[in-house]
Amino acid sequence: MKCFKYSFIVWLFIAASAFSSAVKTAPGNIVVVELFTSEGCSSCPSADAAVTRLAGEFKDEMIVLAYHIDYWNRLGWKDKFSRAEYTSRQSAYANKFSLNSIYTPQALVNGTNQLVGSEEAKLRGLIKKASGLPSRSHSEIQATVTAKGEIAVSATSNASSNQTLNIVLVQRQGMSKVTAGENTGKQLSHTDIVRELKTFNSRDGKVNMKLPAGLKPGDCKVVAFLQNIDSFEISGASLAAIQP
């Protein structure tokens, strides 16, 4: 009788395990926070710090993409992470939200809510709300280092015809000692800096990206996300470390 009870319990455990692995609840939505920032802007360090704190707080629920724009370079300090294409991306958002001008620091949550990037409490509330929503689309990404030292990135998704698939190379941490402009004399720390962005009008995408000078594969990661062409809503985000 004891043997039967033991066998029954083992069988019940195996059956329960099989059932739990076969039935999965819908995953929560991974929130993408885009921060438009600049080393030449005196208001930006506080936003960089706020987003860094929130990234630590939300961990797997949140992806940060920090775009360094180039229009503050004219003040005497050239931000080494800045690119004109990131300014163009911010301008597209400004048109979408009918803003009178672009500004820094600006944060966007999943492409649908915009606010001053240093408004930490408000940003936290938007992240909490968005992370509680079910995921309606998905993407997967992987990256390996090639024999030539490039990063071979491959992403797959269930993108619809009105979505783009975006692949991003992100530098995990960065630091600069600023010697001119509004932040003269400050040593600035940055988190999750966008170093390269590629967009595909397809479900899948493959691209070779160059590792920024002076960095090792472990200093970077790759991100994939889907974005609606019309509404700019971001969904289906994922990230991965770069495999050697």
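What counts and how
Residues numbered from 1 in each chain as written. Predicted model: local features only at pLDDT ≥ 70, side-chain atom pairs only at ≥ 80, totals over all residues. Heavy atoms only, no water. Axes fitted to C-alpha atoms, helices over the stretch in contact; angles between N-to-C directions. Helix = DSSP H or I, 4+ residues; strand = E, 2+ residues; numbered from the N terminus. Left-handed = near helix turned anticlockwise from the far one by under 90°. Contact = heavy atoms within 4.5 Å. Nonpolar A, V, L, I, M, F, W, Y, C, P; charged D, E, K, R; others polar. Expected span 1.5 Å × (residues − 1). Buried < 20%, exposed > 50% of the residue type's maximum accessible area, 1.4 Å probe, protein only. Arc of directions from axis to C-beta. Pairing = 2+ DSSP bridges. Phe/Tyr/Trp six-rings, centres within 6.5 Å; stacked < 30°, edge-to-face > 60°.

A. View of the packing of helix α2 (residues 44-58) against helix α4 (residues 120-131). One can describe the packing of α2 onto α4 by two numbers: an axis separation of 10 Å at closest approach and a directional angle of 35°. The chirality of how α2 crosses α4 is right-handed. Taken together, the residues of α4 that come into contact with α2 (itself represented by Ala-50, Val-51, Arg-53, Leu-54, Glu-57 and Phe-58) are Glu-120, Leu-123, Arg-124, Ile-127 and Lys-128. Here the residues of the contact of α2 with α4 sort into six nonpolar, no polar and five charged.

B. Region of interest: α2. Taking 1.5 Å of rise per residue, the 15 residues of α2 would be expected to cover 21 Å, and the 21 Å separating its terminal C-alpha atoms lies within 8% of that figure. If you check which residues of α2 are buried, you get Cys-44, Ala-47, Asp-48, Ala-50, Val-51, Leu-54, Ala-55 and Phe-58. Taken end-on, α2 shows its buried residues confined to a sector of 165°, consistent with a single buried face. With its phi angle positive at about 45°, Lys-59 sits one or two positions after the end of α2.

C. Spatial organisation of the pairing of strand β7 (residues 163-177). Across the 15 residues that make up β7, a large majority, 11, are buried. Two elements, β7 and strand β10 (residues 220-228), share nine bridges in a ladder whose sense is antiparallel. Looking across to β10, one finds that Val-168 is bridged to Val-223. The pairing of β7 with strand β8 (residues 187-200) spans 12 bridges and is antiparallel. By the bridge assignment, Leu-165 is partnered in β8 with Phe-200.

D. A look at unusual backbone geometry. Omega for the bond connecting Thr-104 with Pro-105 falls within 30 degrees of zero, at -5°, which places this linkage in the cis form. Relative to the helices and strands, Pro-105 resides in the loop between α3 (84-96) and β3 (106-109). Despite not being glycine, Asn-110 has its phi angle at roughly 55°, a positive value. Along the chain, Asn-110 turns up in the loop between β3 and β4 (113-116). Residue Asn-110 is classed as buried on the basis of its relative accessible area of 6%.

E. Representation of the side chain of Asp-192. Position of Asp-192 relative to the elements: it lies in strand β8. What makes Asp-192 buried here is its relative accessible area of 7%. Other than its neighbours up to four places away in sequence, Asp-192 contacts Val-64, Leu-65, Ala-66, Val-170, Gln-171, Arg-172 and Lys-221.

F. Region of interest: the packing of aromatic side chains. Applying the stated criterion across every chain, the model contains six aromatic pairs. Taking 5.4 Å as the distance between ring centres and 65° as the angle between the ring planes, the aromatic pair formed by Tyr-67 and Tyr-86 counts as edge-to-face. Here the residue Tyr-67 occupies a position in strand β2 (residues 62-68), and Tyr-86 occupies one in helix α3, the gap between them amounting to 19 residues. A relative accessible area of 0% means that Tyr-67 is categorised as buried. Here a set of aromatic residues connected by ring pairs shows up, and it is made of Phe-36, Tyr-67, Tyr-86, Tyr-93, Phe-97 and Phe-232.

Such coordinate-based values are descriptive only and should not be taken to indicate function.
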